[in-house]
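As a plain string of letters, each chain reads:
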Amino acid sequence: ELKVEQNPLFLSMQEGKNYTIYCNYSTTSDRLYWYRQDPGKSLESLFVLLSNGAVKQEGRLMASLDTKARLSTLHITAAVHDLSATYFCAVLSDSNYQLIWGAGTKLIIKP
Amino acid sequence: SAVISQKPSRDICQRGTSLTIQCQVDSQVTMMFWYRQQPGQSLTLIATANQGSEATYESGFVIDKFPISRPNLTFSTLTVSNMSPEDSSIYLCSVETGGLYGYTFGSGTRLTVV
């Protein structure tokens, strides 16, 4: 059974700092997704990672995928308050093609 | 990517009643997914709805409690039946838009059962 572990679950940081959110998964998969959710809102797609070594960047966010290590990272560079949200990773199961979700990382960025 | 219109956005319901949530997609999609998200939690898949066949429910969810309709390739409904306060959650529909876009979500329905 595919399991997805995300850490940390909660992160409070100062503006201008860098930090990384980690997403580990337990079995093989070749698709990993990162989403952002603002309080009371739906999920916004950030990145779709489809192959080993994939790296995508959008503004201050960069996501990477290492399928051999079964690890994806979401790196935040020079954080700004507007990035405060909950970030989820989700992995597509090879066996039943369902998305398996991490628990989410609640990110608070203080001015 | 697809655009999903989900209604209602929120509702407060009496226990024992039912609520039907609708999702309309602006393009034809094979599968639609229904999720529940309890406060402060991650997403839990309720069921997968294919047009023309019965929905496939995940462990812990049953058709009598969460009946789903999928009359065509752009529309689906989820009913939360005989509600109790434990059903208070956000309910989300989702479709796979493929390739670079991944999965798109509706705006969500925030349900409070009193």
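Everything numeric in this text was worked out from a predicted model, so none of it was measured.

Calculation rules
- Residues numbered from 1 in each chain as written.
- Chains lettered and ligands numbered in written order.
- Predicted model: local features only at pLDDT ≥ 70, side-chain atom pairs only at ≥ 80, totals over all residues.
- Heavy atoms only, no water.
- Helix = DSSP H or I, 4+ residues; strand = E, 2+ residues; numbered from the N terminus.
- Rg over C-alpha atoms; globule rule 2.2 N^0.38 Å.
- Disulfide = S-S within 2.5 Å.
- Buried < 20%, exposed > 50% of the residue type's maximum accessible area, 1.4 Å probe, protein only.
- Phe/Tyr/Trp six-rings, centres within 6.5 Å; stacked < 30°, edge-to-face > 60°.
- Contact = heavy atoms within 4.5 Å.
- Buried area = accessible area lost by both parts, 1.4 Å probe.
- Salt bridge = Lys/Arg side-chain N within 4 Å of Asp/Glu carboxyl O.
- Polar contact = N/O pair within 3.5 Å; in protein donor to acceptor, adjacent residues only side chain to side chain.
- Nonpolar A, V, L, I, M, F, W, Y, C, P; charged D, E, K, R; others polar.
- Pairing = 2+ DSSP bridges.
- Axes fitted to C-alpha atoms, helices over the stretch in contact; angles between N-to-C directions.

Q: Report on the overall build of chain B, specifying residues and quantitative values.
A: Counting secondary structure elements, chain B contains zero helices and eleven strands. Along chain B, helices and strands appear, N-terminal first, in the series β-β-β-β-β-β-β-β-β-β-β. A globule of 114 residues ought to have a C-alpha radius of gyration of about 13 Å, and chain B, at 13 Å, matches this closely. Viewed in the frame of its principal axes, chain B has a C-alpha envelope of about 40 × 30 × 25 Å.

Q: Give a description of the state of the cysteines that names residues and reports values.
A: Residue and element names in this part refer to chain B. Tallied over the full model, the rule gives two disulfides over all chains. Paired through a disulfide, Cys23 and Cys93 show a sulfur-sulfur distance of 1.9 Å. Judged by the sign of its S-S torsion, about -90°, the bond between Cys23 and Cys93 is left-handed. Here Cys23, found in strand β3 (residues 19-25), pairs with Cys93, found in strand β9 (residues 89-96); they are 70 residues apart in sequence, far enough to count as distant. The exposure class of Cys23 is buried, given its relative accessible area of 0%.

Q: Could you give me a rundown of the packing of aromatic side chains, with the residues and numbers involved?
A: Counting across every chain of the model gives nine aromatic pairs over all chains. Pairing Trp101 of chain A with Phe105 of chain B gives two aromatic rings, centres 5.7 Å apart and planes at 70°, and the pair type is edge-to-face. Taken as a pair, Trp101 of chain A in strand β10 (residues 99-101) and Phe105 of chain B in strand β10 (residues 103-105) lie in two separate chains rather than in one. Residue class for Phe105 of chain B comes out buried when judged on its relative accessible area of 8%. Here the aromatic rings of Tyr35 of chain B and Phe105 of chain B are separated by 5.8 Å at their centres, their planes lie at 45°, and the arrangement is tilted. A residue pair is termed long-range when its members are at least 10 positions apart, and Tyr35 of chain B in strand β4 (residues 31-37) and Phe105 of chain B in strand β10 qualify at 70 residues. Aromatic rings pair up to connect Tyr35, Phe88 and Trp101 of chain A together with Tyr35 and Phe105 of chain B into one cluster.

Q: An account of the interface of chain A and chain B is requested, with residue identities and associated values reported.
A: Chain A puts 19 residues into the contact, and the matching count from chain B is 18 residues. Between chain A and chain B, a total of about 1400 Å² is buried, with carbon and sulfur atoms accounting for 52% of that surface. If you sort the residues of chain A by the area they bury against chain B, Ser42, Gln98 and Trp101 of chain A come out on top, with a joint share of 30%. Inspection of the chain A/chain B interface yields one salt bridge. A salt bridge links Arg31 of chain A to Glu96 of chain B, with the shortest nitrogen-to-oxygen separation between them at 3.0 Å. For the pair chain A and chain B, the interface holds six residue pairs in polar contact (both at pLDDT 80 or more). Sorting the residues of the side of chain A that touches chain B by element identifies β4 (32-37), β5 (43-49), β9 (85-92) and β10 of chain A as the ones contributing at least two each. Its residues assigned to classes, the side of chain A that touches chain B shows eleven nonpolar, six polar and two charged.

Q: Give me the lowdown on unusual backbone geometry, citing residues and values where you can.
A: The step from Asn7 of chain A to Pro8 of chain A runs through a cis peptide bond, and the omega angle for that step is 0°. Looking at the element boundaries, Pro8 of chain A is found in the loop between β1 (4-7) and β2 (10-14). Looking along the chain, the bond that leaves Lys7 of chain B and enters Pro8 of chain B is cis, with omega of -10°. Turning to its location among the elements, Pro8 of chain B is positioned in the loop between β1 (4-7) and β2 (10-13). The phi dihedral of Ala78 of chain A is positive, around 50°, even though this residue is not glycine. Mapped onto the secondary structure, Ala78 of chain A falls in the loop between β8 (71-76) and β9. The phi dihedral of Asn82 of chain B is positive, around 45°, even though this residue is not glycine. Among the structural elements, Asn82 of chain B can be located in the loop between β8 (75-80) and β9.

Q: Got a sec to walk through the sheet that holds β8 of chain B? Specific residues and values, please.
A: Residues and elements named next belong to chain B. One open sheet accounts for four strands, arranged β1-β3-β8-β7; its pairing is antiparallel. Single-partner strands in this sheet number two, and they are β1 and β7 (68-72). The sheet shows a mean angle of 15° between the axes of neighbouring strands, direction not considered. Note: β7 against β8, three bridges, orientation antiparallel. Its bridge partner lying in β8, Asn72 is registered against Phe75.

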